[in-house]
Structures are given as C-alpha cells and as structure tokens.
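Single-letter residue listing:
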Amino acid sequence: MTDIIDIHTHSIASMHAYSTIREIATMAKEKGLALVGISDHAPALPGTFHEMYFRNFKVIRPAAYGIDIIMGAELNIMDYEGGVDLPERVLQKMHYAIASLHDVVIAPGTQEENTRALLGAMANPYVTVIGHPDNPAYPVDFDALARAAAAEHVLIEANNASHNPDGPRKGSELLARDLLAACRRHGAHILIGSDAHIDIDVGEHSHTHAILADIDFPEELVLNRDPARLKAWIAVRHARNGVHGLKYFS
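Residues numbered from 1 in each chain as written. Predicted model: local features only at pLDDT ≥ 70, side-chain atom pairs only at ≥ 80, totals over all residues. Heavy atoms only, no water.

The chain appears in an unreviewed UniProt entry as Phosphatase from Selenomonas timonae.

This is the structure we're talking about:
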C-alpha cells in the first residue's frame, strides 16, 4: 500500500520528544513522504508548552523544507464529555487536531465513559482525528466509535507506536483488529500515524501495515496515499462545521 503521509509527529515542543520541526520535515522528505504534520501535545499534558505555541503557526512556511507541512495539535480529552485543552480561539489557527485519551490527564473510565469521551470529542468541530482509540487502558465500544466517525466525517487513527509490541500501549496490536473490523463494518476511514517522538520514527508505519495486510483491510478506507485527498477530507469536515483553517491550507 502506498503510504506517503504522517501527521502524528511530535517535536521538541512536546518536551518529551527530541527533534525539531526542521529535523522532522527533513527526515520525512528523505523517507519519501509527501506530507508531514506536526501535532505537538496540548498544554494539559505535564511538561508541554503554553497555548501560545499553537497560536503562531502562520510563520511556518508549508514547503520551506521541500515537503508539504501542516500544523496541528494532539489535544488531551479532559473529561468524559469530551472536552479538550485548547480553546476555539487557538484551534481555529490550526490545520487539524487529533484528540486522544492520556492517563496522566484523565483516569481510564468504564467502557461507557471512555466511549462517551471520544464521541464528545468528535462533536468538537475542530477535531479531525481520534488518536489511538485501541488503547487497552481505555475500553471503548468500537462499533459506536466507528459508526459515529463515519457519520461525523472524523478519521480513526491506526497508531503504529501503539501497535509495536514493545511500544507504550501494550495489547493495542490485538485490539486493533477489532477496531479495524468495526471501521470496515461502518465505512469509517482511518489514518495511519507514527506517533513519532524522534525524527527517525517519522513515517514508521510497519507494525500497522502488518495488521492491515493480515486482515485485508480495504485500502480505500485508508487516507495515507494522497495528500490532496486528505486535505480535501479535512476541508469537508471543517466546512460542515463552519470551520476555516489557516490561509495556506488548500
């Protein structure tokens, strides 16, 4: 499967990541990617930057390093209603936003609570991707999630770092099959993300690719092949909700 997009990456602005935007973009270009997104952790995660970091993305030229760059954030879901940790005045300055559950921010709840949190995040018009929802620490009703994602035009992330058996969310590679089966049933589209915290991991999607191949997941439901298609997808999501992104986003 052609895979030339990675928009789940973290720069030194996430404080527990170790590469600059230039290093991430350069590595992405060297690996043959056509589009890279920087999605640093939003402020509720301990040690991350103030919201001011996310308010000046206009200074980042989209092709300055010879590769298309878009700028977003990985938002923290703050409560079981799906609230996130950046306000609208900041979110409207981004191209996209990933919303994720992190245990240093919100304690794992019941399956009903966790599912309600993700569905609530989807209701935020600025959220375009639900991050690593197959985390075993947060049981989720995958059918409810996939059904809502298809209806709301939100992408479900297939997170390569989670699917690494030696990665931070052990057991995700097993749950991934159930999540992807639900996405297939309901026609929900997915986006593979590296969740890279250092430049050498940018575009590293091999663990997820192995799972997709093993279950013969439909390629037409994967949005990593064509930057124009992904941008159009995000634009439709925004337009449906009256959201307008950065001016250089097309």
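Once that is clear, we can look at the sheet that holds strand 4 (residues 96–100). The strand order 1-2-3-4-5-6-7 describes an open sheet built from seven strands, whose pairing is parallel. A single partner strand is all that each edge strand has here, and the edge strands are strand 1 (5–6) and strand 7 (190–193). In this sheet, strand 5 (residues 129–130) lies alongside strand 4 in parallel orientation, the contact comprising two bridges. Along strand 5, the bridge assignment pairs Ile-98 with Val-129. Lying on the sheet, helix 1 (residues 21–30) is in contact with strand 2 (35–41) and strand 3 (68–76); it crosses strand 2 at an angle near 145°. (Pairing = 2+ DSSP bridges. Helix = DSSP H or I, 4+ residues; strand = E, 2+ residues; numbered from the N terminus. Contact = heavy atoms within 4.5 Å. Axes fitted to C-alpha atoms, helices over the stretch in contact; angles between N-to-C directions.)

Glancing now at the UniProt feature "domain: Polymerase/histidinol phosphatase N-terminal" (unreviewed entry) in the chain. Under the feature "domain: Polymerase/histidinol phosphatase N-terminal" (unreviewed entry), the UniProt entry names residues 5–79. Span residues 5–79 is 13% helix and 24% strand, its end C-alpha atoms 30 Å apart. (UniProt positions renumbered as here; feature names shortened; annotations may be inferred.)

Moving on, we get to unusual backbone geometry. Non-glycine residue His-132 carries a positive phi angle of around 25°. Residue placement: His-132 occurs in the loop between strand 5 and helix 4 (142–152). Unlike most non-glycine residues, His-153 shows phi in positive territory, near 65°. When you line up the elements, His-153 lands in the loop between helix 4 and strand 6 (155–159). A relative accessible area of 12% means that His-153 is categorised as buried. (Buried < 20%, exposed > 50% of the residue type's maximum accessible area, 1.4 Å probe, protein only.)

Turning our eyes to something else, we now look at the pattern of salt bridges. Enumeration over the complete set of coordinates arrives at nine salt bridges. A salt bridge links Arg-185 to Asp-143, with the shortest nitrogen-to-oxygen separation between them at 3.0 Å. Residue Arg-185 is located in helix 6 (residues 172–186), and its partner Asp-143 is located in helix 4; the two are separated by 42 residues in the primary sequence. Of the residues examined, Arg-185 reaches a relative accessible area of 53% and is grouped as exposed. Note on Asp-143: relative accessible area 26%, which makes it partly exposed. (Salt bridge = Lys/Arg side-chain N within 4 Å of Asp/Glu carboxyl O.)

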